[in-house]
Amino acid sequence: MRSLTQTESRLLTFLIAAVFLALNIAGAKILMTTLQNQKLATEAAKLAIDDSKFWIEEAAELSPVSRDLPPAPAMDEKTSGSNLIQSVRSAAESAGLTIIEESLPGPPEGSTDPVAVLRAKMNGPFSGMVKFLYDVQQPGQWRSMEMLTLKAEASPQNVLAEMEIRQYYSLSDPGAATQETTPSPQ
């Protein structure tokens, strides 16, 4: 192999320097892109942490509300429906509503919680309906309005309401739900 001339060695040096410079520029570009991506990921993580801290603080403020609720009223399956009917009737009467129809269809299919269900149809002034709904759904009473349909009646400011109200309760006799009725041997 022959030795390189001075011009060839200078060109080879420039070629090596150009390749070295190109590799350094490409490496710097990759490094800058990686640093930028890490900076964006860090900012996103800080925002997520701030958002999580906000929700943790909100949960701490809201959790005392659930502790302030009284326990579900203790009833048995036989009296829960009649208690619900009596309370709905008294609330409707105090609100100036007329109950047209009511029925106790029984607990919903597949329900494991002790619940009494009342389907009712009533009419009266709209302001009375609002008062009734407010009275019936107080948090400490453990009731929920599962279905509500309001229709305007012919007379002004009167409404016809169809609703399903659920009363949740705890069993007064804890073994009552698990006892099976078996004939006693005689």
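Residues numbered from 1 in each chain as written. Predicted model: local features only at pLDDT ≥ 70, side-chain atom pairs only at ≥ 80, totals over all residues. Heavy atoms only, no water.

**What to know about the overall build of the protein chain**
Part 1: Helix and strand content of the protein chain: 3 helices and 6 strands.
Part 2: Reading the helices (α) and strands (β) of the protein chain from amino to carboxyl end gives α-β-α-β-β-α-β-β-β.
Part 3: Taking all 186 residues of the protein chain together, 19% fall into the buried category.
Part 4: Once local pairs closer than 6 in sequence are excluded, the contacts in the protein chain between residues at least 24 apart make up 61%.
Part 5: On the protein chain, roughly 13700 Å² of surface is accessible, and the fraction owed to carbon and sulfur atoms is 60%. (Helix = DSSP H or I, 4+ residues; strand = E, 2+ residues; numbered from the N terminus. Buried < 20%, exposed > 50% of the residue type's maximum accessible area, 1.4 Å probe, protein only. Contact = heavy atoms within 4.5 Å. Areas by Shrake-Rupley, 256 points an atom, 1.4 Å probe, with all protein chains shown as cover.)

**Structural notes on the sheet that holds strand β3 (residues 115–125)**
Part 1: Across the sheet, 4 strands lie side by side as β2-β3-β5-β4; this open sheet has antiparallel pairing. Looking along the sheet, the strands with just one partner apiece sit at the ends: β2 (98–103) and β4 (143–152). Strand-to-strand, the axes of this sheet are offset by a mean angle of 15°, without reference to chain direction.
Part 2: Relative to strand β5 (residues 158–168), β3 is paired through 11 bridges, and the arrangement is antiparallel. Residue pairing in the sheet places Pro-125 in a bridge with Asn-158 of β5.
Part 3: Strands in contact with helix α2 (residues 77–95) are β2, β3, β4 and β5; relative to β3, the strand with the most contacts, it is inclined by about 20°. (Pairing = 2+ DSSP bridges. Axes fitted to C-alpha atoms, helices over the stretch in contact; angles between N-to-C directions.)

**Concerning the packing of α2 against helix α3 (residues 126–136)**
Two numbers describe a pair of packed helices, the interaxial angle and the distance between the axes.
Part 1: At a minimum axis distance of 8 Å, the contact between α2 and α3 shows a crossing angle of 145°. Judged by the sense of rotation from one axis to the other, the crossing of α2 with α3 is right-handed. Contact residues: Val-88, Ala-91, Ala-92, Ser-94 and Ala-95 in α2; Gly-128, Lys-131, Phe-132, Asp-135 and Val-136 in α3.
Part 2: Among the residues forming the contact of α2 with α3, the class breakdown is 6 nonpolar, 2 polar and 2 charged. (Left-handed = near helix turned anticlockwise from the far one by under 90°. Nonpolar A, V, L, I, M, F, W, Y, C, P; charged D, E, K, R; others polar.)

**Concerning the side chain of Gln-167**
Part 1: Mapped onto the secondary structure, Gln-167 falls in strand β5.
Part 2: The buried category is assigned to Gln-167, whose relative accessible area is 3%.
Part 3: A distance of 2.9 Å separates a polar atom in the side chain of Gln-167 from the backbone oxygen of Gln-141.
Part 4: Excluding residues within four positions of it along the chain, Gln-167 makes contact with Pro-73, Met-75, Leu-84, Pro-114, Val-115, Ala-116, Gln-141, Trp-142 and Arg-143. (Polar contact = N/O pair within 3.5 Å; in protein donor to acceptor, adjacent residues only side chain to side chain.)

**Looking at the layout of surface pockets**
Part 1: Looking at the largest pocket, its volume works out to about 210 Å³.
Part 2: Contributing to the lining of the largest pocket are 14 residues, with Glu-77, Pro-107, Pro-114, Val-115 and Tyr-169 lying nearest its centre.
Part 3: Taken together, the elements giving at least two residues each to the lining of the largest pocket come down to α2 and β3.
Part 4: Class assignment of the residues belonging to the lining of the largest pocket gives a composition of 7 nonpolar, 5 polar and 2 charged. (1 Å grid on protein atoms, 1.4 Å probe; cavity = no way out; pocket = protein on both sides within 12 Å on 5 of 7 lines; lining within 4 Å. Points joined across faces, edges and corners; volume = space filled by probe spheres on them.)

**Re the nonpolar core**
Part 1: In terms of nonpolar packing, the biggest core is built from 23 residues, with Val-88, Leu-97, Met-122, Met-129, Phe-132, Met-163 and Ile-165 touching the most fellow members.
Part 2: Of all the elements, α2 adds the most residues to this core, at 6 residues.
Part 3: Aside from chain neighbours lying at most four places away, what touches Phe-132 is Val-88, Ala-91, Ala-92, Ala-95, Leu-97, Met-122, Met-163 and Ile-165. (Core = buried A, V, L, I, M, F, W, Y, C linked by side-chain atoms within 4.5 Å.)

**Here we look at α2**
Part 1: Here α2 contains 19 residues, and its C-alpha end-to-end distance of 28 Å stays within 8% of the 27 Å for a straight helix at 1.5 Å per residue.
Part 2: Listed in full, the buried residues belonging to α2 are Ser-80, Gly-81, Leu-84, Ile-85, Val-88, Ala-91, Ala-92 and Ala-95. Along α2, the residues classed as buried sweep out an arc of 135° about the axis, all on the same side. Turned more than 90 degrees off the buried face of α2, the exposed positions are Lys-78, Gln-86 and Glu-93.
Part 3: Against β1 (74–75), β2, β3, α3, β4 and β5 lie the buried residues of α2.
Part 4: Phi turns positive, to about 80°, at Gly-96, one or two residues after α2. (Expected span 1.5 Å × (residues − 1). Arc of directions from axis to C-beta.)

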